[in-house]
Every structure is written in C-alpha cells, then in structure tokens.
Amino acid sequence: MTYQVDDRGYYGEFGGAFIPEMLHANVENLKKRYVEIIYEADFQKEFDNLLKDYVGRPTPLYLAKRLSALYGGKIYLKREDLNHTGAHKINNTIGQILLAQRLGKKRIIAETGAGQHGVATATVCALMGVECIVYMGQVDIGRQAPNVARMRMLGAEVRPAMSGSRTLKDATNEAIRDWINNPEDTHYIIGSVVGPHPYPDMVARFQSVISEEMKWQLKEKEGREQPDYVVACVGGGSNAAGAFYHYLDDERVKLVSVEAAGLGVDSGESAATSVLGTKGIIHGSRTLLMQTEDGQIIEPYSISAGLDYPGIGPQHAHLIESGRAQVYSATDKEALTAAMELSRIEGIIPALETSHALAILDQMKLKEEDIVIVNLSGRGDKDLATYIDHLDELT
Amino acid sequence: MKNRIINLFDSKGGDVLNVYFTAGHPELNDTAKIITALDSQGVDLVEIGMPYSDPMADGETIQNSSQKALKNGMTLSLLMEQITTLRKSSDIPIIIMGYYNQMMQYGEERFLQEASEAGVDGLIIPDLPMDVYAKQYKNLFEKYNITMSFLITPETSDHRIRMADELSTGFLYVVSKSSITGSSSTISDRQKAYFNHINSLDLKTPRLIGFGIHDKATYDTACEYAQGAIIGSAFIRALEAEGGLEEKIGKFIGRVRS
C-alpha cells in the first residue's frame with residue numbers, strides 16, 4: 001500500500017478535485033506544473049535559503065527530559081514553534097509564494113481561522129512585495145484581534161467572511177469565490193493539506209522539511225533515523241503531514257494523529273472529524289467530514305481555532321482508514337492542562353493546537369525504550385488571552 | 001415518456017427562459033407556488049436550487065437564500081415531495097441544481113430514482129467533474145431519463161468544451177464570465193467574442209447562457225448568442241421584495257420578456 005498521492009490525485013479513495021468548471025483551468029495548471037517547478041534547482045535553492053536565513057531552519061529537535069521522566073520513554077520535541085511567525089505554517093507559504101511568482105501571479109489570496117496562516121501569508125507577501133488579501137470569518141476576526149492587527153501591519157487586507165457560520169470553512173469558501181472571480185492574476189495559498197488536488201500533496205511537500213530534518217537530527221542524537229512514534233495534532237493536518245512525510249512507508253514508525261474533542265467527542269461540541277465524520281466532499285476534496293444526513297456541513301467546535309475544521313486532509317483520512325495512523329483525541333480541558341504542564345516543566349508555552357498533541361502522552365503508555373517525537377507545531381503567544389482566562393483554574 | 005427538456009429544445013430553437021430559485025425560500029412551502037406562477041408566465045424551464053451549507057460557486061444572493069431555506073427546514077426528501085405534488089398540475093420542465101455532496105449523501109442511485117419518479121427532468125451538479133460523471137454516473141442518468149448539463153466558462157479550453165458538449169444532454173450551461181453567480185453589469189464585447197467563439201465550434205447541444213443575466217437587456221443579448229438564458233440571483237432578489245408571490249413573479253418576468 002502507498003500512502004502518497006497517486007497519479008490521479010487520490011490517496012486510496014480520498015482526494016481528487018471536485019471543483020466547479022470556473023476553477024478548472026487554474027487547478028489544472030497547478031497540477032501540471034507544481035512538481036516540475038518545485039524541484040527546479042533554482043527554486044530549491046531559493047526555498048532552502050529562505051527557510052534557513054529568513055525562517056530560521058533547521059528547527060531544533062530537543063530532548064524534553066522532564067517531560068520524558070513524567071510519561072516514560074524519550075520524548076523529543078520538534079521545535080516548529082521557533083520558526084519565524086511562530087508556527088510551521090510559514091514552511092508552506094514560503095514555498096507557495098515562490099511557486100506563485102513562477103506561475104506569473106501578481107495577487108495572493110488566503111483563508112485563515114485563528115490567523116496563523118493569514119499571518120504567514122501576509123509575511124511572505126510583504127517579503128516579496130505582492131498584494132495580499134486574507135479572508136477570515138467575521139466571528140474569528142472578533143476572537144483573534146492580535147493576529148488581525150499583525151496581518152494589517154504586514155500590509156495585508158483582511159476581508160471578513162460574512163457567509164455561513166462566519167468561521168474558517170466560510171473563509172475558505174470566500175477565498176475560493178475570489179479565485180473564481182479573479183482567475184487570471186491570482187494564486188490561492190491554501191494553508192493546510194486540504195482542498196482539491198494538487199493542494200494536499202503540494203502543501204505536504206512544503207511541510208515535509210519537518211520530517212526531513214527529524215531524520216538526520218535523530219540520527220545524530222540516537223544513531224537512528226526512525227523514532228517509535230511521531231505525534232502531531234490534526235485539524236486540516238498540515239503539521240502532521242509534514243512530520244509524517246518521510247516516515248509514511250517505514251512501518252516501524254507509528255504515526256499518531258490527535259484531534260480536538262472539544263467538550264468531549266460525544267458532547268455535540270467537538271471537532272473529532274475522524275470519529276464524527278463520514279465520507280463526503282468538502283472544499284473540492286473527497287474525505288471524512290462532519291455533516292448531516294442531507295450532506296449539510298456541520299460547524300465543529302474546539303477551544304483551538306486551528307483545529308475546528310469540519311474536514312480533515314484526504315491523506316489523513318486515508319492514513320486513518322487504512323490503520324497506518326492511530327487517532328487519539330483530547331478535550332479542551334486536557335489541552336489546557338497539557339499547555340500548563342509543558343510551560344511549567346520545560347519552559348515552553350505551546351500553542352493550543354499543539355497542546356492537544358501533548359495531552360495524549362499519558363494515554364500512550366510509553367515504555368522506557370520508546371523514542372517519541374512530538375511535533376511542537378506552534379508557540380502559545382497567540383493563545384495568551386485564552387490561557388489567561390483559564391489561569392486560575394489551572395494553577 | 002420523452003424527457004421534457006429534450007422536448008423543449010426539439011420544439012423551441014430560441015428565446016428559452018430558464019429561471020432559477022432556491023427551494024424552501026422565501027418560505028418553506030413556496031416551491032410549488034413559485035413554479036406554478038413561472039409556468040403561467042410562460043417561462044420555459046425552471047431550475048430549483050437544493051439549498052447547501054457551502055455553495056462554493058454561488059454569490060451572496062444565493063448563499064443567503066440557501067441559508068434561509070435551510071433554516072426554514074428544507075431537505076431533499078421534502079423537495080422530492082413538493083415536486084411530486086406539483087407534477088399533478090404542471091408539466092413544465094424541471095431541473096435540480098445542487099452540489100455533489102448532497103447527491104452523494106442521499107445515495108446517488110436513490111437520488112436519481114426518486115428525482116425521476118417525482119418528475120425531475122435534469123440535473124446540474126457544478127462540482128461533479130466530467131470524468132467522474134462519465135465513468136460512474138452516465139449510465140444511471142440514462143437509466144432514469146435525467147439530463148445532465150455541464151458548465152463551460154471563458155477559461156474552458158476548446159478540448160473541454162467539446163467534452164462538455166459530448167457529455168451534456170438537454171443543454172450546455174454557458175457561464176457568461178469568470179465569476180460567481182449574482183453579478184449585474186452589461187455584457188461586454190469580450191463576452192460577446194467568447195459567445196461567438198462557442199457558436200463557431202459547431203456543437204451538438206443547445207446552449208443557455210447564465211451568470212449575470214438579470215434584466216431585459218442582458219436576457220436579450222444572451223438570446224442573440226444562444227438558445228436562451230438562465231436568470232437566478234436577480235429573480236431571487238425580486239422574490240425577496242414586498243408583495244404577493246404571483247404579482248412579484250408576473251412583474252419580473254414581464255419586465256425581462258417585454
């Protein structure tokens with residue numbers, strides 16, 4: 001079995017490109033050219049240089065000794081939180097802005113939920129001097145004021161998505177509609193491994209630098225490239241896709257995906273897509289998604305704005321359905337507790353999304369000899385307001 | 001029984017008016033009333049939108065009407081019932097427009113069978129790719145005597161236009177410009193050149209022009225370059241105005257076809 005995309009744009013039965021004709025020319029052009037462009041020597045050189053000098057890669061692989069003592073095994077943290085702009089998101093936006101330039105596109109659009117991808121997109125557009133429009137649900141604009149301000153400071157225009165539930169999925173719809181209206185000069189930088197083919201694969205390739213570094217870094221520290229476990233949180237799933245990428249075909253490495261359970265998987269207020277979702281189509285991709293019997297998409301809930309997406313990347317749907325990845329879920333409360341714990345024992349304040357991945361370490365029942373890498377996808381600065389709200393109950 | 005859409009285009013070569021509205025909007029049970037009124041106004045074809053939570057290709061007007069319809073409690077089963085009842089008194093050709101996920105969750109064959117039994121003549125599923133249709137669904141559509149209309153846009157290559165022409169039954173949906181639904185401006189020379197280009201391709205399927213057709217001027221222009229036109233958002237906006245349904249519909253159609 002293969003876990004990478006096939007030549008039709010599918011991962012097993014998931015993926016594909018279910019898009020209206022209005023998007024066909026652009027998506028087809030991308031599909032034809034993305035692989036060729038991103039493996040050009042000139043592209044690779046520019047991409048690598050920017051990741052090194054601008055983003056600050058490689059990010060450290062850090063052995064968290066006190067965390068390991070608590071849960072057993074040797075737990076390494078892949079410090080994506082130390083990237084410029086505070087999360088893994090910028091790996092993808094750097095790649096896509098370079099691609100957009102080579103496609104001759106002059107205008108960039110993006111969607112954002114919590115604002116991390118919006119900030120990462122606004123950042124690379126500022127860097128390249130390109131017009132940038134970020135769609136963000138009106139509800140999220142209210143919840144994420146600091147990131148809205150960051151995007152504006154970086155010169156991006158933040159347009160409120162007023163349709164539907166006015167959150168991430170609606171921002172994505174609005175970005176797609178913008179692309180339909182502006183097919184000639186615009187490139188759409190999707191922020192996760194979702195959307196029509198080739199987006200899930202393209203974004204995964206840009207994020208694959210995470211596991212590429214893990215391999216040589218772990219080799220230096222442990223004398224072997226493969227850990228026993230790689231753990232990552234999954235909303236759409238881009239940080240997990242990057243952390244899993246180079247281990248997909250190495251069955252010795254167990255892949256662990258952590259979803260947001262919200263108030264509890266069965267509470268009616270959850271974002272645990274793989275448990276609550278059924279097969280269907282969202283944003284042009286066949287995958288698992290939360291929907292009614294009539295196929296209406298359900299708005300999920302999580303305390304973390306980066307995990308409350310009603311779908312999941314098609315590759316993740318395939319990894320889960322095939323049993324290659326194991327899924328756990330963590331509630332809001334478990335995530336908050338894990339965030340507090342990592343802050344106290346390692347001096348690292350993680351993003352709320354990442355805290356979900358940390359929260360399931362005790363459920364894993366690690367053995368002393370196990371080597372675990374947790375992808376520390378982002379830092380917690382953006383979540384301070386939420387942490388402050390819960391500080392008293394957690395300390 | 002011969003398909004009503006095929007019949008229509010066999011008997012009428014031009015000035016075909018197709019009017020779109022969202023099922024369950026403005027009120028849940030307006031579907032039959034709206035179709036009856038359109039029928040009595042001489043509209044040739046009605047296109048019923050199945051309200052969807054995430055209508056990717058639609059502009060604000062249709063998004064809002066869809067949300068309102070869903071709030072009103074509109075479902076696919078109810079739509080099938082409404083059409084079944086309507087069919088006792090109206091023979092107007094009916095198309096259902098919706099998104100692939102809706103058909104998929106209902107069960108594709110069940111959907112086609114029930115639609116056919118209810119008296120639906122054709123479907124438009126904008127996010128169902130042509131190759132998937134050809135491979136998985138073409139035979140089923142034929143089995144249940146339901147036509148399929150694919151969309152072409154100014155960005156569509158000639159090769160794909162021919163594919164859409166080959167696969168479409170009933171009519172080909174010519175999207176007038178690169179946009180979502182609901183824009184309202186005049187038809188430009190660039191658009192006319194695009195319509196002329198399509199007409200030069202010697203296609204087998206009749207064509208209706210849609211997106212941005214909103215008044216008499218745009219309707220007339222569309223009819224010059226194709227067999228007819230589709231009006232959607234402008235009609236929905238007319239339905240949202242004050243007044244009785246029949247009166248509003250009569251006035252709107254009267255203006256477009258005066």
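Relevant structure appears above.
Owing to the predicted nature of the structure, the values given are computational and were not obtained by experimental measurement.

Student: Account for the overall build of chain A, with residues named and values stated.
Tutor: In terms of helices and strands, chain A carries 16 helices and 14 strands. A compact globule built from 395 residues would reach a C-alpha radius of gyration of about 21 Å, and chain A, at 19 Å, matches this within 12%. Taken along its principal axes, the extent of the C-alpha atoms in chain A is 55 × 45 × 40 Å. In chain A, buried positions account for 65% of the 395 residues. Of the contacts formed within chain A by residues at least 6 apart in sequence, a portion of 74% connects residues at least 24 apart. Entry remark: accessible area of chain A is about 13,800 Å², with carbon and sulfur atoms responsible for 50%. Of the side-chain charges in chain A, 40 are positive and 54 negative, and the distance between the mean point of each set is 4 Å.

Student: Kindly report on the interface of chain A and chain B, identifying the contributing residues and their values.
Tutor: Where interface size is given, it is often the accessible area lost as the parts come together that is meant. Taken together, the contact between chain A and chain B spans 35 residues of the former and 36 residues of the latter. Together, A:Glu21, A:Met22 and A:Arg177 form the three largest contributors to the area buried by chain A at its contact with chain B, with a combined 23%. Linking chain A to chain B there are three salt bridges. Of the charged contacts, one joins B:Arg190 and A:Glu184 as a salt bridge, the two residues approaching to 2.9 Å between their closest N and O atoms.

Student: Quick rundown of the side chain of A:Gln291? Include the residues and the values.
Tutor: Note on placement: A:Gln291 falls in the loop between strand E12 (285-289) and helix H13 (314-321). For A:Gln291, the side chain forms a polar contact with the side chain of B:Gln105, separated by 3.3 Å. Excluding its chain neighbours within four sequence positions, the residues that come into contact with A:Gln291 are A:Thr278, A:Lys279, A:Gly280, A:Gln296, A:Ile297, A:Ile298, B:Asn101 and B:Gln105.

Student: Which residues make up the pairing of E12(A), and what values go with them?
Tutor: Residue and element names in this part refer to chain A. Within E12, five of the five residues are buried, which leaves the element mostly enclosed by the surrounding structure. The sheet contact formed by strand E11 (residues 278-282) and E12 spans five bridges and is antiparallel. Looking at E12, one finds that Ile-282 is bridged to Ser-285. Connecting the antiparallel pair E11 and E12 is a turn made up of two residues, with His-283 showing a positive phi of about 45 degrees.

Student: Explain empty space enclosed by the protein to me, and be specific about the residues and the numbers.
Tutor: A water-sized probe rolled over the atoms picks out the places where empty space is left. Summed over the entire model, instances satisfying the criterion amount to ten cavities of 30 Å³ or more. Approximately 430 Å³ is the volume found for the largest cavity. What lines the largest cavity is a set of 32 residues, among which A:His88, A:Lys89, A:Ser192, A:Gly306 and A:Leu307 lie closest to the centre. Within the lining of the largest cavity, the residues separate by chemical class into eleven nonpolar, 17 polar and four charged. Of the residues that make up the lining of the largest cavity, three or more belong to each of domain 1 (13-50 + 89-203) and domain 2 (58-87 + 207-394) of chain A. Reported here for the second largest cavity is a volume of approximately 220 Å³. Contributing to the lining of the second largest cavity are 24 residues, with B:Ile62, B:Tyr173, B:Thr181, B:Phe211 and B:Gly232 lying nearest its centre. Contributing elements (two or more residues each) for the lining of the second largest cavity: strand E9 (228-231) and helix H11 (233-239) of chain B.

Student: For the packing of aromatic side chains, give the residues involved together with the corresponding values.
Tutor: Tallied over the full model, the rule gives 17 aromatic pairs over all chains. When the centroid spacing of 5.5 Å and the interplanar angle of 55 degrees are considered together, the rings of A:Phe47 and A:Phe206 count as tilted. Of this pair, A:Phe47 sits in helix H2 (residues 41-55) while A:Phe206 sits in helix H9 (residues 199-207), and the two are 159 residues apart along the sequence. Overall, A:Phe206 belongs to the buried group, its relative accessible area being 2%. Between the aromatic rings of B:Phe195 and B:Tyr225, the centroid separation amounts to 5.7 Å while the plane-to-plane angle is 50 degrees, which identifies the pairing as tilted. Highlighted residues: B:Phe195 in helix H9 (residues 189-199) and B:Tyr225 in helix H10 (residues 216-225), separated in sequence by 30 residues. Relative accessible area serves as the criterion here: at 1%, B:Phe195 is assigned to the buried category. Between A:Lys254 and the ring centre of A:Tyr229, over which it is positioned, the NZ or CZ distance is 4.8 Å. Directly above the aromatic system of A:Tyr3 lies the positively charged group of A:Arg324, at a separation of 5.9 Å from the ring centroid.

Analysis parameters
Residues numbered from 1 in each chain as written. Chains lettered and ligands numbered in written order. Predicted model: local features only at pLDDT ≥ 70, side-chain atom pairs only at ≥ 80, totals over all residues. Heavy atoms only, no water. Helix = DSSP H or I, 4+ residues; strand = E, 2+ residues; numbered from the N terminus. Rg over C-alpha atoms; globule rule 2.2 N^0.38 Å. Buried < 20%, exposed > 50% of the residue type's maximum accessible area, 1.4 Å probe, protein only. Contact = heavy atoms within 4.5 Å. Areas by Shrake-Rupley, 256 points an atom, 1.4 Å probe, with all protein chains shown as cover. Lys, Arg positive; Asp, Glu negative; His and termini not counted. Charge placed at Lys NZ, Arg CZ, Asp CG, Glu CD. Buried area = accessible area lost by both parts, 1.4 Å probe. Salt bridge = Lys/Arg side-chain N within 4 Å of Asp/Glu carboxyl O. Polar contact = N/O pair within 3.5 Å; in protein donor to acceptor, adjacent residues only side chain to side chain. Pairing = 2+ DSSP bridges. 1 Å grid on protein atoms, 1.4 Å probe; cavity = no way out; pocket = protein on both sides within 12 Å on 5 of 7 lines; lining within 4 Å. Points joined across faces, edges and corners; volume = space filled by probe spheres on them. Nonpolar A, V, L, I, M, F, W, Y, C, P; charged D, E, K, R; others polar. Domains from an automatic or database assignment. Phe/Tyr/Trp six-rings, centres within 6.5 Å; stacked < 30°, edge-to-face > 60°. Lys NZ or Arg CZ within 6 Å of the ring centre and 35° of its normal.

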